[in-house]
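Next come the chains, spelled out residue by residue.
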Amino acid sequence: MKINSTGMPAGNITIDKSKTVKEENPFNVSDKLEGSASHDSGLMKDLKNLSELSKKTSSSGETFVDMPKTIYFKTTQNDQYSLGDGFDGSRDIVAVGSHEGSPAEPYHFIVKFRDLQSNAELGNLDTYVLLDMGKGTKTELPDGVKGKTEKPWQLAIAAYDSKNFNVYDDKGNALDKSIVKNLKYDSAKGTLEFDVDKGALRERGWQDLKGMDMQVFTTKDFVKQPADTIDRAPDKPWAKGGTMARQLNTNPYENPDKIEDWGGKDIYFVFTDRFSDGDTTNNINVDKKDLGKFHGGDLQGVIDKLDYIKDLGMSSIWLSPTMENQDFFVNENNAGYHYYWPVDMFKVDKHLGDMSKFEEMVSKAHEKGIDVLLDIPLNHLAWEHPLKKDKPEWFHNIGDVKNWDDPYEAENGSIFGLPDLAQEKPEVYDYLLNAAKFWMDKGIDGFRLDAVKNIHFPFWSKFDQEVHQYATEKLGKPDFYLIGECFDGRVDKVNDYQREDMDGLFAYPEKFVTHEVIAHDGSMKKLAAVVDEGNKKYQSPELMGGFIDNHDTERFISACGGNRDKFKLALDFLYTVNRIPTIYYGTEVAMDATPPPGQENVGWPATSRKDMEWGKDPDMLKHFTKLSSLRNSSEALKHGDFKEMWVDDKVYAYGRNHPLQEGVVVLNNGYDGQQRDIPLTPENRLIKDGTVLVDSLTGEKVTVQNGRIHVNVPAKGARIFFPEA
């Protein structure tokens, strides 16, 4: 972008001189940040404290500034204050966005609602957008709404309906409404959109290319209290003394790291004992021919393979537990190679290395831009843990769980005889929280929480919030990520835990249905149904961990009988649906669960825990890395809204729509090629008649005609379309 003699931008803001902002499109793909890291989740940590944007000089001597002028921020859903009037979903904010545009354009704003009913704004919804250019003085909410903001605001837009709105300053004065243009509620899109004149913003201290702070809330007409805000669920004003705390900056660089950034990441699950043996000096009781014994994988092995993980395109690793573990149970044929039998929560197990090696692993992962999630078992300890003898009152004693669907039994019973901790006791809670803080202090970026439905439900709300508070206030990590394992096929059951401030959980309901539908030729309607249910019920669908196999399940390639097309289709789905792709080690090379010689009588999950088979399937690895690279470079796939566009028994099509980019995914679960005419939806802003779409897998092109995309999808195949550059 040129800078003229006045210091103001000249002409259109641009990344590529050959591309200009299209006036008819308020969110333009040319505004993407050039050269962003492959794992950029929208807020690059190395730029988060920049107050001055870097300048670049072209070969002609012209100075250009790269500025990502668009934000699109997903908020938690199903967390509004419920009034039970049938319009709660219309007041539930699920995303907010803004776009600066060129200096001559107005500033564009958008608010998206979970379920905006037609005419909801006529009596059941008012929306308020509060802006601060750095000189705000007012914290009371406008229009006499009860509550306040933690930080002051300068300008308030109160949108009552598409024809009636007010604009206020921080002195309480009603301003000339011509400041705001094109205000419209649109139930088809589920949005409120409007433009703000930049002259009015500049008069109040805003400068071009500088961000402004934004807060958003909704109310019901004449009910003078917020119904929803952009605060996370535990921090809503009705839980915090009436205060709205969260602000977003319209300049992405000036926003702090957020837990929502994890929606653009991916996770590689390192089952350490079976991954890589990097240090043979700690190979104690190792027998690599027996799946029931230690195989020698260790922390040095993880360090040695960080470049491999990075080259896969992965932005984080989930590491199986590292705590000192009980070696065997009953006999040497039943080893604790998985490290879920802790005897000391504050030490590294001798088979893996030591604490200095753990810290080295974390440090070197961070050097490569890889976050570290540590698996932490909080449900139980090992039989040989000293506390079993010293503190018998710390444990439940009702015997093993027999009915896993009985909450009392699941929370108070033992898993295969393991001593079950009584987390409801304050001293047990403190012990577990201190253990968590101990590992947090070692530099990790989050926890994988084991067996969450086997722990007293009230434990999680307090634990999750205290972990987040410690991470934010003591460690400076507001994006410390908690993802839980609730081994259950019911969306409602899994969602219960996300509501308790657990950032995400592994999406077991989708995993089970993916096996049923893609591995075993079920109807795509069932897959679409479970995705739709999750998208409606999960508080943050995009923070849920999608997966097709792990250490407790059969590997997908075995579940589908070795059918490579089915396996690729499952990966195509995993990498394009709005979940965090979570990859079990070896899935990228189609590792199977076939028992090795001499282990034919060992069933899975043991056979799903074989040693990593390096270089097993180059063709599958190529397909995997293509998908990984595609998602890492796509704002639509990382952060876009999800919109079902078509489903029948064989074909499932959906859009991923972000203000900067739109994509269309078509999956064919049939054994024959399928043709469909996929209709566009109101959410499509960038894809329209005449748009040429390119399939990212094959390069095949198709032109949108008459509001439809004519697709020809091969048997057990996929098309992943984006507009031609």
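Quick look at the structure, then. These figures come from a predicted structure and were not determined experimentally.

The rules behind each value
Along each chain, the written sequence defines residue order, and numbers are assigned to residues from 1. The predicted origin of the model limits local features to residues at a pLDDT of at least 70 and limits the giving and counting of side-chain atom pairs to 80 or more, whereas totals for whole chains, interfaces and linings rest on all residues. Derived side-chain values reflect all non-hydrogen atoms in the structure, with water molecules and hydrogen atoms excluded from consideration. Runs of E in the DSSP output that reach at least two residues are strands. Runs of H or I that reach at least four are helices, and both are numbered from the N terminus. Relative accessible area decides the class of each residue, using a 1.4 Å probe on protein chains only: under 20% of the type maximum gives buried, over 50% gives exposed, and in between gives partly exposed. Contacts are assigned to residue pairs that have any heavy atoms within 4.5 Å of one another. A pair of strands counts as paired when DSSP detects no fewer than two bridges linking them. Fitting a line to C-alpha atoms yields each axis, with helices limited to the stretch in contact; the angle taken between N-to-C directions then spans 0 to 180 degrees. Roughly parallel refers to an angle under 35 degrees, roughly antiparallel to one over 145, roughly perpendicular to one between 65 and 115, and oblique to any angle outside these ranges. Left-handed describes a crossing whose near helix is turned anticlockwise from the far helix by less than a right angle; the clockwise case is right-handed. Note on residue classes: Ala, Val, Leu, Ile, Met, Phe, Trp, Tyr, Cys and Pro are nonpolar, Asp, Glu, Lys and Arg are charged, and everything else, Gly too, is polar. When a carboxyl oxygen of Asp or Glu is within 4 Å of a side-chain nitrogen of Lys or Arg, the pair counts as a salt bridge. Expected span of a helix, by definition, is 1.5 Å for each gap between consecutive residues, and there is one gap fewer than residues. When we speak of the arc, we mean the arc of directions from the helix axis to the C-beta atoms. Under the rule applied, a polar contact is a pair of N or O atoms within 3.5 Å (in protein, one hydrogen donor and one hydrogen acceptor; residues adjacent in sequence only if both atoms are side-chain atoms).

## What to know about the environment of Cys560
Structurally, Cys560 can be placed in the loop between α13 (556–559) and α14 (564–574). On the basis of relative accessibility, which here comes to 6%, the residue Cys560 falls in the buried class. In sequence terms Cys560 and His515 are 45 residues apart; their C-alpha atoms lie 7.8 Å from each other. For Cys560, the residues in contact, after removing those within four places along its chain, are Ala519, Lys566 and Phe567.

## Considerations on the pairing of strand β15 (residues 213–219)
Of all seven residues in β15, six are buried, a share of seventy percent or more. Looking at chain direction, strand β8 (residues 126–132) and β15 are connected through seven bridges and run antiparallel. From the neighbouring strand, Thr127 faces β15, where its bridge partner is Thr218. Here two bridges tie β15 to strand β16 (residues 228–229), and the two strands are oriented antiparallel to one another. By the bridge assignment for β16, Thr218 is matched with Asp228.

## A closer look at the packing of helix α11 (residues 508–519) against α14
Between α11 and α14, the least distance of the axes is 10 Å, while the angle of their chain directions is 140 degrees. Classified by the interaxial angle, the pair formed by α11 and α14 is oblique. The way α11 lies across α14 gives a crossing that is right-handed. Contact residues: α11 offers Thr514, Ile518 and Ala519, while α14 offers Lys566, Leu569, Ala570 and Phe573. Within the contact of α11 with α14, the residues separate by chemical class into five nonpolar, one polar and one charged.

## So, the sheet that holds strand β6 (residues 93–99)
Pairing within the open sheet is antiparallel, and its five strands lie in the order β5-β6-β7-β14-β13. Here the strands that pair on one side only, and so sit at the sheet edges, are β5 (70–74) and β13 (180–186). Each strand of the sheet is rotated relative to its neighbour by a mean of 10 degrees, with strand direction disregarded.

## Side note on the pattern of salt bridges
Counting across every chain of the model gives 53 salt bridges. Between Glu260 and Arg232 there is a salt bridge; the shortest N-O distance is 3.5 Å. Here the residue Glu260 occupies a position in the loop between β18 (248–249) and β19 (267–270), and Arg232 occupies one in the loop between β16 and β17 (243–244), the gap between them amounting to 28 residues. The burial state of Glu260 is the same as that of Arg232; both residues are buried. Asp405 is paired through a salt bridge with Arg490; the nearest N and O atoms lie 3.8 Å apart. Residue Asp405 is located in the loop between α6 (386–390) and α7 (407–412), and its partner Arg490 is located in the loop between β27 (481–484) and α10 (491–498); the two are separated by 85 residues in the primary sequence.

## What about helix α5 (residues 355–367)?
Over its 13 residues, α5 extends 18 Å from the first C-alpha to the last, a length consistent with the 18 Å expected when each residue adds 1.5 Å. Every buried residue of α5 is accounted for by Met355, Phe358, Met361, Val362 and Ala365. With its buried residues spanning 120 degrees around the axis, α5 presents them on a single face. Next to the buried residues of α5 lie α3 (299–304), α4 (306–311), β20 (316–319), β24 (342–348), β25 (371–376) and α8 (426–440).

## Digging into the side chain of Asp228
Inspection of the secondary structure assignment puts Asp228 in strand β16. On the basis of relative accessible area, Asp228 is assigned to the buried category, the value being 0%. One polar contact links Asp228 to Lys236, side chain to side chain, over a distance of 2.7 Å. Filtering out sequence-adjacent residues up to four positions away, Asp228 remains in contact with Asp79, Gln80, Arg91, Asp92, Ile93, Val216, Phe217, Thr218, Lys236 and Trp238.

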